[in-house]
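So the chains spell out like this:
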Amino acid sequence: MFIQQEEKTKKQLRRTWIEEALAEKLGVIQQTVNISISDIRARQKAGRNIIIIRLNRLGWTQEQIAEIAGMTQGRVAQIINNTNFSEINNLLSTRSIDSSRTYTTNSKPS
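Not measured: the values here are computed from a predicted model.

Enquirer: For this particular structure, what's the right way to read the overall build of the chain?
Expert: Each helix and strand in the chain was counted, giving five helices and zero strands. The buried share of the chain, reckoned over its 110 residues, is 21%. Split by element, the accessible area of the chain, about 8,600 Å² in all, is 53% carbon and sulfur.

Enquirer: Where do I start with the nonpolar core in this structure?
Expert: Soluble, globular proteins show a tendency: their nonpolar side chains are buried together. The biggest cluster of nonpolar side chains holds nine residues, and these are Ile52, Leu55, Trp60, Ile65, Ala66, Met71, Val76, Ile79 and Ile80. Of all the secondary-structure elements, those providing two or more residues to this core are α2 (30–57), α3 (62–69) and α4 (73–81). When residues of this core are assigned to their parent elements, the largest contribution, three residues, is made by α4. Not counting the four nearest positions on each side in its chain, Val76 is found in contact with Ile52, Gln62, Ile65, Ala66 and Met71.

Enquirer: What am I meant to see in a nonpolar patch on the surface here?
Expert: Taken together, the side chains of Trp17, Ile18, Leu22, Leu26 and Val28 make up a nonpolar region of the molecular surface, amounting to roughly 500 Å² of accessible area. Relative to the elements of secondary structure, Leu26 occurs in helix α1 (residues 2–26). Residue Leu26 is classed as exposed on the basis of its relative accessible area, which comes to 60%.

Enquirer: I'm lost on α2 in this one. Help?
Expert: Note on helix geometry: an α-helix contains 3.6 residues per turn, so any two residues three or four positions apart are oriented the same way. Its 28 residues place the ends of α2 41 Å apart at the C-alpha level, agreeing with the 40 Å of an ideal helix rising 1.5 Å per residue. Taken residue by residue, α2 has Val33, Ile37, Arg43, Ala46, Gly47, Asn49, Ile50, Ile52, Ile53 and Leu55 as its buried positions.

Enquirer: Sorry if this is basic, but what is going on with the pattern of salt bridges here?
Expert: Side chains bearing opposite charge may pair, as long as their charged atoms lie close to each other. A complete count under the given rule lists two salt bridges for this structure. Across the salt bridge formed by Glu6 and Lys10, the nearest N and O atoms sit 3.5 Å from each other. With Glu6 and Lys10 both in helix α1 and four residues apart, the pair spans about one turn of that helix. Linking Asp39 and Arg43 is a salt bridge whose minimum nitrogen-to-oxygen distance equals 3.1 Å. One end of the pair is Asp39 and the other is Arg43, both in helix α2 and four residues apart, which spans about a single turn. Taking relative accessible area as the criterion, Arg43 reaches 16% and is therefore assigned buried.

Enquirer: Looking at this model, I keep getting lost on the environment of Ala21. Mind explaining?
Expert: Among the structural elements, Ala21 can be located in helix α1. Classification of Ala21 by relative accessible area gives partly exposed; the value is 29%. When the C-alpha positions of Ala21 and Val33 are compared, they lie 9.7 Å apart, and in sequence the two are 12 residues distant.

Parameters and conventions
- Residues numbered from 1 in each chain as written.
- Predicted model: local features only at pLDDT ≥ 70, side-chain atom pairs only at ≥ 80, totals over all residues.
- Heavy atoms only, no water.
- Helix = DSSP H or I, 4+ residues; strand = E, 2+ residues; numbered from the N terminus.
- Buried < 20%, exposed > 50% of the residue type's maximum accessible area, 1.4 Å probe, protein only.
- Areas by Shrake-Rupley, 256 points an atom, 1.4 Å probe, with all protein chains shown as cover.
- Core = buried A, V, L, I, M, F, W, Y, C linked by side-chain atoms within 4.5 Å.
- Contact = heavy atoms within 4.5 Å.
- Patch = residues over 30% accessible without salt bridge, like charges linked within 9 Å, V, L, I, M, F, W, Y side chains within 5 Å.
- Salt bridge = Lys/Arg side-chain N within 4 Å of Asp/Glu carboxyl O.
- Expected span 1.5 Å × (residues − 1).

Shown next, in the form of structure tokens:
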């Protein structure tokens, strides 16, 4: 448990240092960089969730999706069962995600 907390602290320190360096290079305050990064992460998460939901609707099992997405089956189940489609639509309507990309599959993974 102590090692996990130590790693989490190190990761936070690296993130803070990167945000400070970006802010200095861009000539903005760190808060501006933090807001931008948070927005990018939210859009990436929404895009990932859409792919997970599409795969589920195509008949993939939660275990198969979890393996491909690099997360647990339980987390995939949470995403599928708790998706707020209006939130995803709001994030996607800003067109920050490349809407020209199509994620399709003709078959389930083996």
